[in-house]
Amino acid sequence: GETSDSFAIEESLKELAQLADTAGLMVVGSTYQKLASPNPRTYIGSGKVAEIKSAIRAFEVETVIFDDELSPGQLRNLEKAFGGDVRVCDRTALILDIFNQRAATHEAALQASLRLFVALAQMEYQLPRLTKMWTHLERQAGGKVKGMGEKQIEVDKRILRTQIGVLKKELESVRKHRKQYRNRRFSVPVPVVSLVGYTNAGKSTLLNQLTGANVLSEDRLFATLDPTTRRVQMKNGSEFLLTDTVGFIQKLPTTLVAAFRATLEEISESSLLVHVVDISHPLAEQQIDAVEKVLAELDVSEIPKLMVWNKVDKATDPEKIKLEAERREDIVCISALTGEGLLEFCNAVQEKLKDSMVPVEAFVP
Ligand code: GDP
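I will try to describe carefully the structure that is included in this document. (Residues numbered from 1 in each chain as written. Predicted model: local features only at pLDDT ≥ 70, side-chain atom pairs only at ≥ 80, totals over all residues. Heavy atoms only, no water.)

One pass over the structure, following the stated rule, counts 1 aromatic pair. Ring centres 5.9 Å apart and planes at 90° place the aromatic pair Y43 and F66 in the edge-to-face group. Here Y43 is found in the loop between α1 (6-22) and α2 (46-59), whereas its partner F66 is found in strand β1 (residues 63-66), with 23 residues between them in sequence. As far as burial versus exposure is concerned, Y43 and F66 are alike and both buried. (Phe/Tyr/Trp six-rings, centres within 6.5 Å; stacked < 30°, edge-to-face > 60°. Helix = DSSP H or I, 4+ residues; strand = E, 2+ residues; numbered from the N terminus. Buried < 20%, exposed > 50% of the residue type's maximum accessible area, 1.4 Å probe, protein only.)

So, in structure tokens, the structure goes:
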């Protein structure tokens, strides 16, 4: 990793393990190494390669995942070094896998655009990594047809590029259609409040608590992939729409940042952004920064924001955290799990919406 802070590295590896778990893999162990610069051939040093190789034998490992993006050459060399059928992949490939799995299980209305953006990101990722396919082809041909692989890879690349072009056009038309649909669906103005935040911060739990909606909530990364909207009605008669968005994580692959923008369109149409933070997490500050960086890229600076410090029940010193929140502005402490602070949260949302000068753009029947 670029950072020399062991704690940050371990946290990042912990998150990677959680991602692997979400992808349905069983994690047997993790390791890291500090090098002045990564080995250009194998990313890690030869001693580390040997160490991992013996772990592969001992635990019958099928997959080795790297936390940083590997070059196609490094991927190939590592697969050769580990031997057998060991699959080597990086964080990006793992996230793409998860997106693919999640997209396959989601409801029809959003499936089309999700499928498209996953397929698109996957193809853009595959393009420079096609070499593996043609070496396989050459092996199949018994080495007799040398050069055949090179020709094949050119053909494959052309096909992929054409498919990418077609997908981009389709994605664009799905987005247009969804926008029209959204506009038609609504007839009475109700402000839209979007929940944003780091993955696992507790967005789905908060949405569930407030609306009784049955949004998937589990201790896994990417529990929410679809933006899901629910209507929150307050006792005083006022109401707002609460939207759960995809979670952000650090080191989001660049191919996905662009794709994310498409699914995060709803955010730019909201009257208020609620940034949910897992304040009990040791790296809460870094996660806040990661989310703010993505938000900055989304061009939503003029939308009012409210920060929510969630999981106060789990924090080591809840009283200190509450004092700190009071000292700063625009922060509400809650526990989405126990329900603590939820009324204060709703009131804070109401107050913010009153101040909001952003025109209401969404309408419900
Ligand atoms: P999301 O990715 O932001 O939608 O996060 P989830 O709502 O899926 O929550 C992730 C995990 O944190 C789940 O296991 C929740 O039960 C847990 N969680 C959410 N809110 C709280 C809270 O206030 N306190 C505690 N202790 N756990 C919480």
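Below, the discussion takes up the nonpolar core. Within the largest apolar cluster, 24 residues are counted, with the highest numbers of intra-cluster contacts made by L206, V274, F345 and V349. Elements represented by at least two residues in this core include exactly β4 (192-197), α8 (203-211), β6 (239-244), β7 (272-278), β8 (305-310) and α13 (342-355). Setting aside residues up to four positions removed in sequence, V274 forms contacts with V193, S194, L195, V196, L306, V308, F345 and V349. Judged by nonpolar contacts, the second largest core, of 19 residues, contains Y43, I52, F66 and V86. (Core = buried A, V, L, I, M, F, W, Y, C linked by side-chain atoms within 4.5 Å. Contact = heavy atoms within 4.5 Å.)

To describe two helices that pack against each other, one gives the angle between their axes and the distance between the axes. Where α2 meets helix α3 (residues 72-82), the axes come as close as 10 Å, and the angle between the chain directions of the two elements is 55°. With respect to α3, the element α2 is oriented oblique. Considering only the axes of α2 and α3, their crossing is right-handed. Contact residues: V49, I52, K53 and I56 in α2; L78, A81 and F82 in α3. Of the residues that constitute the contact of α2 with α3, the class distribution is 6 nonpolar, no polar and 1 charged. (Axes fitted to C-alpha atoms, helices over the stretch in contact; angles between N-to-C directions. Parallel < 35°, antiparallel > 145°, perpendicular 65-115°, else oblique. Left-handed = near helix turned anticlockwise from the far one by under 90°. Nonpolar A, V, L, I, M, F, W, Y, C, P; charged D, E, K, R; others polar.)

What follows covers the environment of T338. In this structure, T338 sits in the loop between β9 (331-333) and α13. A distance of 3.1 Å separates a polar atom in the side chain of T338 from a polar atom in the side chain of S335. (Polar contact = N/O pair within 3.5 Å; in protein donor to acceptor, adjacent residues only side chain to side chain.)

Right, let's get into the pattern of salt bridges. Across all of its chains, the model carries 11 salt bridges by this definition. Residue K322 is joined to E319 by a salt bridge in which the shortest nitrogen-to-oxygen separation is 3.7 Å. In this pair, K322 and E319 both sit in helix α12 (residues 318-327), 3 residues apart, roughly one turn of the helix. According to the relative accessible area criterion, E319 is exposed, its value standing at 52%. (Salt bridge = Lys/Arg side-chain N within 4 Å of Asp/Glu carboxyl O.)

On to the environment of D5, then. Within the element layout of this structure, D5 appears in the segment before α1. Considering only alpha carbons, one finds D5 and K34, 29 residues apart in sequence, at a separation of 10.0 Å.

Attention shifts here to α1. Given a rise of 1.5 Å per residue, 17 residues ought to cover 24 Å, and the 24 Å separating the end C-alpha atoms of α1 matches this to within 8%. Among all positions of α1, only I9, E11, S12, L13, E15, L16, L19, A20 and T22 are buried. (Expected span 1.5 Å × (residues − 1).)

Despite not being glycine, Y43 shows a phi value in the positive range, around 70°. Positive phi outside glycine occurs at D330, with the angle close to 60°. For D330, the location among the structural elements is in the loop between α12 and β9.

A few words now on a nonpolar patch on the surface. On the surface, M26, V28 and F59 cluster together into a nonpolar patch covering about 360 Å² of accessible area. If you trace the backbone, V28 turns up in the loop between α1 and α2. Look at V28 and you get partly exposed, because its relative accessible area is 45%. (Patch = residues over 30% accessible without salt bridge, like charges linked within 9 Å, V, L, I, M, F, W, Y side chains within 5 Å. Areas by Shrake-Rupley, 256 points an atom, 1.4 Å probe, with all protein chains shown as cover.)

With respect to burial, β4 is a largely interior element, 6 of its 6 residues being buried. Of the two faces of β4, both are covered, the one formed by V192, S194 and V196 as well as the one formed by V193, L195 and G197. Direction of pairing for β4 relative to β6: parallel, over a ladder of 4 bridges. Bridging from a neighbouring strand, S194 pairs with T243 of β6. As paired elements, β4 and β7 share 5 bridges and run parallel to each other. Looking at β7, one finds that G197 is bridged to V276. (Pairing = 2+ DSSP bridges.)

The values reported here are purely geometric and, on their own, carry no functional implication.
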